[in-house]
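Structure at a glance
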Amino acid sequence: MGVTTYLDHAATTPLRPEVAQAMAEVHGGPLGNPTGSHRPAQRAKRLLEEARDEVADLMGRAPGEIVFTSGGTESANLAVFGTLHGEWGAGGGGDRGVRMTVLRSAVEHPAVLESCRAAGERLPVDVVALGVDAAGVVDLPALAESVDERTRLVAVMLANNETGVVQPLAAVIDTVRDCGERALVLTDAVQAAPFMDLARATMGADLVALSAHKVGGPVGVGVLAIGPRVDLVPHHYGGGQERDRRSGTQDVAGAVGLATAMRVAAAGRASSVEVITRRRDRLADGLLSAIDGAIRTVAPEIATLPGHLHLCLAGVEREELLVALGDQGVCASGGSSCASGALQASHVLAAMGVPDDLARGAIRFTLGHGTTDADVERALDVVPAVVASLRRRA
Ligand code: PLP
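First, a word on what this report is: a plain description of the structure on this page.

**Some details on the overall build of the protein chain**
Within the protein chain one finds 13 helices and twelve strands. Taking 2.2 N^0.38 as the reference for a compact globule, 394 residues should give roughly 21 Å; the C-alpha atoms of the protein chain span a radius of gyration of 22 Å, in line with that estimate. Dimensions of the protein chain, computed from the C-alpha atoms along their principal axes, are close to 65 × 55 × 35 Å. Counting only residues that meet the buried cut, the protein chain has 55% of its 394 residues in that class. Once local pairs closer than 6 in sequence are excluded, the contacts in the protein chain between residues at least 24 apart make up 75%.

The following block contains the structure:
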């Protein structure tokens, strides 16, 4: 196998060595089911609760607000269905017959988008899309106009997975509070987690979704932080774990892995943000000057995550480009892909008004804790040459 230049950290990140070690230590001793009463069970419970305390601290939450899940997708589903079934929902008490409204930004990840769509099909819920501007930032005046006493949930992600654009979440929360006191705010902080101080950035959000594998932790573990205003109805029933909010035996090693990954990311955040930004900017400058007609999809003055570089390359088909780059060991992404791996037209670029011919050549490079200067230099050698050869063939 040749050299691999991994620039797809928004898809998943390499497991941090500290995480692998912490998880191995969990499995290195006797590990029971945390609900049991013997010593291995007590050890499991202690490790789980220590992980919960640590995650809560890093998120600025009380430990009782932290529910461990199987990842960002489950957290989003639990947030959407758990709140829509509560109080006003079908079968609930309250205002039977009154339709609820869910507002969600037009650029949400499919985890939120599809949960809302499914809720709209099954429950007395009207789902309303909140538009974004050309940079992909939510339209705050439109939000203020749309929130009313029927609004149950407003979903605006902290940072976008395709473009890395950071949303003005504090202003979203203020707007929602000013307009509709019953509305809850859900934020998907999955992409932001490695780079932002979550305690500060998500302060006031009622529901916050995270995923371990985007922070250098294991796949298959996530968190939903559930604030005190939320009356959540579970959608997993069973042994009543996670304070009855998510039944099922907890993944202790996974929770420890998630807490370790978040701790390591938080401890090195200031310097890693600086280094990753510098590398991303070097990649951006180099590619923009070497590739004719390359456009940076989001202007540099718009706040984005440090690792994201989204480009539109006219005259190139992104699937062909990704395959050709993959052949050279350069791993990037076209934005959102479905389970089969096929690329779909990007709803994010469509919401931003990016013309189809440009969106066809859209490519996302995402740098992270695994990226080196050598990766950037290699991408600068390979990408322009691959683009030139595809354009010659076209
Ligand atoms: N939300 C965002 C913004 C994501 O980028 C992802 C993963 O791609 C998810 C949610 C889903 O997380 P998971 O893969 O843990 O289900």
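Moving on, there is more to tell.
**Describing the layout of surface pockets**
Estimates place the volume of the second largest pocket at around 250 Å³. Lining the second largest pocket are 21 residues; nearest its centre among them are R16, F195, I276, G368 and H369. Those elements that place two or more of their residues in the lining of the second largest pocket are α8 (252-267) and α9 (269-290). No other element matches the four residues that α9 contributes to the lining of the second largest pocket. Its residues placed into classes, the lining of the second largest pocket shows eight nonpolar, ten polar and three charged. Summarising the domain contributions, the lining of the second largest pocket has at least three residues from each of domain 1 (5-14 + 269-393) and domain 2 (17-266).

**Some points on unusual backbone geometry**
Although it is not a glycine, E242 adopts a positive phi angle of roughly 55 degrees. Residue classification places E242 among the buried positions, given a relative accessible area of 5%. The backbone of D244 sits at a positive phi, close to 70 degrees, despite the residue not being glycine. Within the fold, D244 resides in the loop between β8 (222-226) and α8.

**Re the sheet that holds strand β7 (residues 207-211)**
Read from one edge to the other, the open sheet built from seven strands follows the order β2-β8-β7-β6-β5-β3-β4, with strand pairing classed as mixed. In this open sheet, the two strands that pair with only one neighbour each are β2 (66-69) and β4 (125-130). Neighbouring strand axes in the sheet, compared pairwise and without regard to direction, differ in orientation by 20 degrees on average. Relative to β8, β2 runs antiparallel, the two sharing four bridges. Across the sheet, T69 pairs through a bridge with G222, a residue of β8.

**Here we look at the site of the ligand**
By nearness alone, every residue bordering the ligand is listed as G71, G72, T73, H109, M157, N161, D188, V190, Q191, S211, H213 and K214. One of the side-chain N or O atoms of K214 is found 2.6 Å from an oxygen atom in the ligand. When the free accessible area of the ligand is taken as 390 Å², the share hidden by the protein chains comes to 85%. Its residues placed into classes, the shell around the ligand shows two nonpolar, eight polar and two charged.

**What to know about the pattern of salt bridges**
For the structure on display, the rule yields 19 salt bridges. The partner of R117 in a salt bridge is E121, with the nearest N and O atoms 2.6 Å apart. Note that R117 and E121 are positioned in helix α4 (residues 110-122) at a spacing of four residues, about one turn of the helix. Within this structure, E49, R52 and E242 form a network of salt bridges that share partners.

**Some points on the pairing of strand β3 (residues 100-105)**
For β3, a buried count of six out of six residues is recorded, marking the element as mostly surrounded by other parts of the structure. By the alternation rule, side chains of β3 split into M100, V102 and R104 and T101, L103 and S105, which are all buried. Of the strand pairs in this sheet, β3 and β4 are connected by six bridges, and their pairing is parallel. Bridging from a neighbouring strand, T101 pairs with D126 of β4.

**Observations concerning the side chain of E108**
Position of E108 among the secondary structure elements: in the loop between β3 and α4. A distance of 2.7 Å separates the side chain of E108 from the side chain of S105, its partner in a polar contact. There is a polar contact of 2.8 Å between the side chain of E108 and the backbone nitrogen of M157. What E108 contacts, discounting residues up to four positions off in sequence, is L113, A155, V156, M157, D188 and H347.

**Quick look at helix α6 (residues 169-179)**
Regarding α6, the residues found buried are L169, V172, I173, T175 and V176. Taken down its axis, α6 places every buried residue within 165 degrees of arc, on the same side. Summarising the geometry of α6, the exposed residues directed more than 90 degrees from the buried face are A170 and D178.

**As for the sheet that holds strand β10 (residues 308-313)**
One open sheet holds the three strands; their spatial order is β9-β10-β12, and the pairing between them is antiparallel. Of all the strands in the sheet, the pair left with one neighbour each is β9 (294-296) and β12 (362-366). Neighbouring strand axes in the sheet, compared pairwise and without regard to direction, differ in orientation by 30 degrees on average. The sheet contact formed by β10 and β12 spans five bridges and is antiparallel. Across the sheet, C312 pairs through a bridge with A362, a residue of β12.

What counts as what
Residues numbered from 1 in each chain as written. Predicted model: local features only at pLDDT ≥ 70, side-chain atom pairs only at ≥ 80, totals over all residues. Heavy atoms only, no water. Helix = DSSP H or I, 4+ residues; strand = E, 2+ residues; numbered from the N terminus. Rg over C-alpha atoms; globule rule 2.2 N^0.38 Å. Buried < 20%, exposed > 50% of the residue type's maximum accessible area, 1.4 Å probe, protein only. Contact = heavy atoms within 4.5 Å. 1 Å grid on protein atoms, 1.4 Å probe; cavity = no way out; pocket = protein on both sides within 12 Å on 5 of 7 lines; lining within 4 Å. Points joined across faces, edges and corners; volume = space filled by probe spheres on them. Nonpolar A, V, L, I, M, F, W, Y, C, P; charged D, E, K, R; others polar. Domains from an automatic or database assignment. Pairing = 2+ DSSP bridges. Axes fitted to C-alpha atoms, helices over the stretch in contact; angles between N-to-C directions. Near = heavy atom within 4 Å. Polar contact = N/O pair within 3.5 Å; in protein donor to acceptor, adjacent residues only side chain to side chain. Areas by Shrake-Rupley, 256 points an atom, 1.4 Å probe, with all protein chains shown as cover. Salt bridge = Lys/Arg side-chain N within 4 Å of Asp/Glu carboxyl O. Arc of directions from axis to C-beta.

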